[in-house]
2 protein chains.
Amino acid sequence: MEQYKMFELKFEGSCPNGSEAVVDLEAVFTNGGESRVVKGFYKGNGTYAVRFLPEKEGVYKWKVSGCVEACGEETCVKAVDGSAHGIVRAVGTHFEYADGTPFKPFGTTIYAMMHQKEELIRQTYETLAAAPFNKVRYCVFPKHYDYNHNEPELFAFEKDEDGKWDVNRPCFAFWDHFESGILKLQEMGIQTDLILFHPYDRWGFSALSLEQCKIYLDYLLRRFSAIPSVWWSMANEYDLMLKHPMEHWYAFEQFIAENDPYHHLLGNHNCIKFYDNSRPNITHCCVQTAWMEKAAEWMRRFNKPVVYDECCYEGNLPYNWGNISAFEMVHRFWSACTVGAYCTHGEVFLSEDEVLWWAKGGVLKGESPKRIAFLRSILEELPGYLEEWENKWVADAENEEFQKVMERFGLLRESISEAELDALDRKDKDCRGHYGDKVFLQYLGRHCNALLSWKLPKGHKYRVEIIDVWNMTRETVLTQCSGNIEVQLPGREGMAVLAVEECL
Amino acid sequence: MEQYKMFELKFEGSCPNGSEAVVDLEAVFTNGGESRVVKGFYKGNGTYAVRFLPEKEGVYKWKVSGCVEACGEETCVKAVDGSAHGIVRAVGTHFEYADGTPFKPFGTTIYAMMHQKEELIRQTYETLAAAPFNKVRYCVFPKHYDYNHNEPELFAFEKDEDGKWDVNRPCFAFWDHFESGILKLQEMGIQTDLILFHPYDRWGFSALSLEQCKIYLDYLLRRFSAIPSVWWSMANEYDLMLKHPMEHWYAFEQFIAENDPYHHLLGNHNCIKFYDNSRPNITHCCVQTAWMEKAAEWMRRFNKPVVYDECCYEGNLPYNWGNISAFEMVHRFWSACTVGAYCTHGEVFLSEDEVLWWAKGGVLKGESPKRIAFLRSILEELPGYLEEWENKWVADAENEEFQKVMERFGLLRESISEAELDALDRKDKDCRGHYGDKVFLQYLGRHCNALLSWKLPKGHKYRVEIIDVWNMTRETVLTQCSGNIEVQLPGREGMAVLAVEECL
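Residues numbered from 1 in each chain as written. Chains lettered and ligands numbered in written order. Predicted model: local features only at pLDDT ≥ 70, side-chain atom pairs only at ≥ 80, totals over all residues. Heavy atoms only, no water.

Chemist: Which residues make up the overall build of chain A, and what values go with them?
Modeler: The number of helices and strands found in chain A is 10 helices and 29 strands. If you line up chain A on its principal axes, its C-alpha atoms span 85 × 55 × 45 Å. Within chain A, the fraction of its 504 residues that count as buried is 60%. Looking at chain A alone, contacts between residues at least 24 apart form 69% of all its contacts between residues at least 6 apart. Total accessible area on chain A is roughly 19700 Å²; 49% of this is exposed by carbon and sulfur atoms. Between the mean site of the 54 positive side-chain charges and the mean site of the 76 negative ones, chain A shows a separation of 2 Å. (Helix = DSSP H or I, 4+ residues; strand = E, 2+ residues; numbered from the N terminus. Buried < 20%, exposed > 50% of the residue type's maximum accessible area, 1.4 Å probe, protein only. Contact = heavy atoms within 4.5 Å. Areas by Shrake-Rupley, 256 points an atom, 1.4 Å probe, with all protein chains shown as cover. Lys, Arg positive; Asp, Glu negative; His and termini not counted. Charge placed at Lys NZ, Arg CZ, Asp CG, Glu CD.)

Quick look at the structure:
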């Protein structure tokens, strides 16, 4: 048993009498004064398993009861290879692993990744191995949509004699296979942002009843909760699921909170109406929107991380959600990350073979991933997490006229609607982040400044560099500076300026 | 006397006893059963003038009274050179000259054009002669602001013995000179969008009292109202004028409405808070904003033309209002014009000599004007005015599932805030315009479609072309088509598709 690695106990037994999803099997793991109860599950072929994620070193005593009775103990040691850091958790407005290692999500989207043929899945893994992504959003259920017409080989459940899905009979081959994907990605250092429900369906999974959904969730949680790399995304576009009123979402949320012993990250992805991200069980704001300017406000409001899990996709589809340029994708990543939020990639280029990355994986064709890698490398070398560096209208105490204008600005801003204020900020507001006094970053986006003036704190010494986010160049232009600085810029889109405190 | 050309009567007399701005002089012009009363003004040096803009052919009898008494008659004939079309007026959501000739404004901004040295003004005229702009926004009062520090030679008024502006003593040299600019532009086919007040002032013009302002306006209206090419822009950034509460703006509006016999176009330009464009005297929505998506909504709401008179400027300043790229400027023009709104250009490139086009004129350095010319040429060859071609979610009557999703979309859209709805539309909504069944235009903007599907009306035949708004190319891809069409596109930003009904 290694800390932060899934531990599994297996038992042989007779087949369950009733439900094969919800079996009478649980275990208590006790280490020192702390106990945790986990449920076991049926793997098929007379095999039962109990999984546990040990988060502390020391001796765990375990006791299994129900359709299997057993007990024992294991010594949990620090994982030898150093790669296991535990579950990613939200801490304030950012993420970190259980062991405190920072985690900055750079996600991509491959909705039906695990419903493709083995060869294509293998190719997807290969692509991901060389890509900058450390999180993949994908679905348990297959996807029926434009460019998504192939029939998967396996489904989550067996059918009953009427040809209807029997949620009490998991298709074990499906779950074994699906799980192999989660574990493979985990090995590669990639988190699984697992989409539990979605509306794009021709098989009936989106029309399961609340009770059926809970049985499905129960099996899934028994099986996957001990895998540290999993996040729960309740849905993709929850609000388009015609069969699930809001009460169902609250019920799913509660069920997950009660049945996931580890409280993995939990979000819910919208189409039109944002989920209520103030709800206590929701760990982070998972949003579909290109409203990049809102990140800092949402972080302040919810005190949770913000992830733009769908901000449109790089590509050339005849749908506006799927035809932004690589530059625009990179622009959205920088817009989010500069203020301490995160963004998720997706790619949709029309192709003869109907293999679009966003649904099926395969190879990446776009121009954004290498720029996302560049951004990731910059963010990961920073000594901490960015948060918004607010645009303060600094009133020069001596300039009375200026003070009056600032006061007028304030009054005017209070007198207009939220939508008008947004429009104003979209036009005027700088996109800036900082980490205490150590890091200052401004992403200029579509602004083509030839000059940028900053007021850096005095009593520190900074190295200042100009970053070209598209051409992926970094040029140090000032060293050992502080206070008022001016930076000359080339006057084109896609520039950033970064000041990092120099080690003295 | 020629139709649509200013007619002037001049009289010698003694200097006014009191105010030189508000003199006792008026005239009645009568043609057939119609009479119009106009006020005369003092030109200095014992000269009085009465100006009149004849809009009808026929015999005008005139009678001057007050400090000058005279009468006579003139026969008004159609202007021989065919260049005079009268005052531009708002008709529904578009503009046309009094004689019905279409007018589609393509403006630029040169705030302090007439406060520069003669040589620079001459250069500005030369530049304008080769530029695509048919409207210029500029101020009566000089401008004090960054990159605007030079002292003008002339001001609108003389000073009193205390060194304060005496609005009752117009500086005639100023008015003669200023007027020469309006007339010069008019000769060139360029409208003057005259900014009557603005806040960027070190001389005191922004702090005149309401009564002083009315005297200034009175003189200005007596003098300029008969010039057909003038529009009244009450202010630039009215809301930043600390000395003028809303009552003043309503008073100015009313004064102008009552004292301009011809009711020239009247708008009021905002910084933060849009002026109330529903007010009856306001002829069009003059807005500062980059909220291009709102145009069609505002046109529907106000049934008035919408002009984005300030949508940021092409340039490289360290201010976000002055550093958009040429592409972005062109993008904003196309975004406005496609749905039947209009946009105004401005240019601010840092330069050693502090001559920035937006304030002082001179030469154009940017890359947007030639693309604006390209857009203008396309719009002007269309057989009519565009209006929004609405994005209708066309429900296939046979597809019940699709109907339900559309219904859900509708309900969801009703359940979110205006700001959320805007964010959604900004991401998803197509930018499309049409002129009846004769013209259909979609500007794809930052969308990189490789394919576009349209449903054109049946029973017509269209020629369809692909336009590259940046590279200024037009390629006909379909002829004699109707109904469902598909257009292949190159999958990059800045493309438009235009269908025009073919003459059979």
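Let's pick the thread back up.
Chemist: A description of the interface of chain A and chain B should follow, citing residues and the corresponding values.
Modeler: Opposite the 52 residues of chain A that make contact, chain B presents 52 residues. Overall, the association of chain A and chain B removes approximately 4300 Å² of surface from exposure, summing both partners, and the carbon and sulfur fraction of that is 62%. Our enumeration of links across chain A and chain B arrives at zero salt bridges. Broken down by secondary-structure element, the contributors of at least two residues to the side of chain A that touches chain B are helix H9 (400-414) and helix H10 (418-428) of chain A. (Buried area = accessible area lost by both parts, 1.4 Å probe. Salt bridge = Lys/Arg side-chain N within 4 Å of Asp/Glu carboxyl O.)

Chemist: Describe the packing of aromatic side chains, with residues and values.
Modeler: Residues and elements named next belong to chain A. Across all of its chains, the model carries 110 aromatic pairs over all chains by this definition. Here Tyr-42 and Tyr-48 contribute two aromatic rings whose centre-to-centre distance is 4.7 Å and whose plane-to-plane angle is 50°, an arrangement assigned as tilted. Taking 6.1 Å as the distance between ring centres and 50° as the angle between the ring planes, the aromatic pair formed by Phe-155 and Trp-203 counts as tilted. Here Phe-155, found in the loop between strand E11 (135-139) and strand E12 (157-159), pairs with Trp-203, found in the loop between strand E14 (191-197) and helix H3 (210-224); they are 48 residues apart in sequence, far enough to count as distant. For Trp-203, a relative accessible area of 14% gives the class buried. (Phe/Tyr/Trp six-rings, centres within 6.5 Å; stacked < 30°, edge-to-face > 60°.)

Chemist: Can you tell me about the packing of helix H6 (residues 326-338) of chain B against helix H8 (residues 368-381) of chain B, naming the residues and giving the values?
Modeler: Residue and element names in this part refer to chain B. At a closest axis distance of 9 Å, the pairing of H6 and H8 adopts a crossing angle of 20°. When the interaxial angle is binned, H6 and H8 end up roughly parallel. Classified by chirality, the crossing of H8 by H6 is right-handed. Mapping the contact onto sequence places Ala-326, Met-329, Val-330, Phe-333, Trp-334 and Cys-337 in H6 and Ser-368, Arg-371, Ile-372, Phe-374, Leu-375, Ile-378 and Leu-379 in H8. (Axes fitted to C-alpha atoms, helices over the stretch in contact; angles between N-to-C directions. Parallel < 35°, antiparallel > 145°, perpendicular 65-115°, else oblique. Left-handed = near helix turned anticlockwise from the far one by under 90°.)

Chemist: Tell me what's going on with the sheet that holds strand E1 (residues 7-12) of chain B, and back it up with residues and numbers.
Modeler: Residues and elements named next belong to chain B. Taken in spatial order, the six strands make up an open sheet running E1-E4-E3-E2-E5-E6, and their pairing is antiparallel. Each edge of the open sheet is held by one strand with a lone partner, namely E1 and strand E6 (70-76). Across the sheet, the mean angle from the axis of one strand to that of its neighbour is 25°, orientation sign disregarded. Packed onto the sheet, helix H3 (residues 210-224) meets strand E2 (25-31), strand E3 (34-44) and strand E4 (47-52) and runs at close to 115° relative to E3. (Pairing = 2+ DSSP bridges.)

Chemist: Hey, could you go over the pairing of E6(B) for me, with residue numbers and the actual values?
Modeler: With seven bridges connecting them, strand E5 (residues 58-66) of chain B and E6(B) associate as antiparallel partners. Considered in E6(B), the bridge of B:Trp62 is made with B:Gly72.

Chemist: Pulling in residues and values, what's your account of the environment of A:Gly445?
Modeler: Residues and elements named next belong to chain A. In this structure, Gly-445 sits in the loop between strand E24 (439-443) and strand E25 (451-455). Take Gly-445: its relative accessible area is 4%, and that puts it in the buried class. Put simply, Gly-445 and Met-329 are 116 residues apart on the chain and 11 Å apart in space, counted from C-alpha to C-alpha. Among all residues touching Gly-445, those that are not within four sequence positions of it are His-331, Glu-493, Gly-494 and Met-495.

Chemist: Account for the relation of the copies chain A and chain B, with residues named and values stated.
Modeler: Each copy superposes on the other: chain A lies on chain B with an RMSD of 0.0 Å after a rotation of 180° and an axial shift of 0.0 Å. Between the two chains, the operation in question is that of a two-fold axis. Measuring from the rotation axis to each C-alpha of chain A, the shortest distance belongs to A:Ala419, at 2.1 Å. (Least-squares fit on C-alpha atoms with pLDDT ≥ 70 in both.)

Chemist: Requested: an account of the domain arrangement of chain A, with residues and values cited.
Modeler: Residue and element names in this part refer to chain A. Here chain A is described as being made up of domain 1 (7-76), domain 2 (88-381) and domain 3 (429-501). Computed from C-alpha atoms alone, the centre-to-centre distance between domain 1 and domain 2 is 28 Å. Summed over the three residues of domain 1 that lose the most area to domain 2, namely Lys-39, Arg-51 and Leu-53, the buried surface amounts to 33% of that side. Our enumeration of links across domain 1 and domain 2 arrives at two salt bridges. Residue assignment for the side of domain 1 that touches domain 2 shows that the elements contributing at least two residues are strand E3 (34-44) and strand E4 (47-52). A per-element tally of the side of domain 1 that touches domain 2 places E3 first, with nine residues. (Domains from an automatic or database assignment.)

Chemist: Go over the side chain of B:Asp422, please, and point to the residues and values.
Modeler: Looking at the element boundaries, B:Asp422 is found in helix H10 (residues 418-428). In contact with B:Asp422, not counting residues within four places along its chain, are A:Ala419, B:Trp291 and B:Lys294.

Chemist: I'd like a description of the sheet that holds strand E7 (residues 88-91) of chain A, backed by residues and values.
Modeler: Residues and elements named next belong to chain A. If you trace the three strands from one edge of the open sheet to the other, you get E7-E8-E9, paired in antiparallel fashion. At either end of the open sheet lies a strand with only one pairing partner, and these are E7 and strand E9 (102-103). Taken together, the four bridges between E7 and strand E8 (residues 94-97) define a ladder with antiparallel strand orientation. Of the residues in E8, the one forming a bridge with Val-88 is Tyr-97.

Chemist: Tell me about the pattern of salt bridges, residues and numbers included.
Modeler: All names here are of chain A. Taken as a whole, this structure holds 78 salt bridges over all chains when the rule is applied. Of the charged contacts, one joins Arg-51 and Glu-179 as a salt bridge, the two residues approaching to 2.6 Å between their closest N and O atoms. Pair noted here: Arg-51 is in strand E4 and Glu-179 is in helix H2 (residues 172-187), with a separation of 128 residues, a long-range link. In this pair, the class of Arg-51 matches that of Glu-179, namely buried.

Chemist: Quick one: what's the story with the environment of A:Asn320, residue by residue and with numbers?
Modeler: Following the sequence through the fold, A:Asn320 ends up in the loop between strand E19 (314-315) and helix H6 (326-338). For A:Asn320, a relative accessible area of 9% translates into the label buried. The residues touching A:Asn320, leaving out its near neighbours within four places in the chain, are A:Cys312, B:Lys427, B:Asp428, B:Lys429, B:Asp430 and B:His447. A distance of 2.7 Å separates a polar atom in the side chain of A:Asn320 from a polar atom in the side chain of B:Asp430. (Polar contact = N/O pair within 3.5 Å; in protein donor to acceptor, adjacent residues only side chain to side chain.)

Chemist: Any details on the side chain of A:His284? Residues and values, ideally.
Modeler: All names here are of chain A. Assignment of secondary structure puts His-284 in the loop between strand E16 (266-267) and strand E17 (285-288). Taking relative accessible area as the criterion, His-284 reaches 1% and is therefore assigned buried. In terms of polar contacts, His-284 uses its side chain to reach the side chain of Thr-283, at 2.9 Å. In contact with His-284, not counting residues within four places along its chain, are Phe-95, Trp-231, Leu-265, Leu-266, Gly-267, Asn-277, Lys-304, Pro-305 and Val-307.

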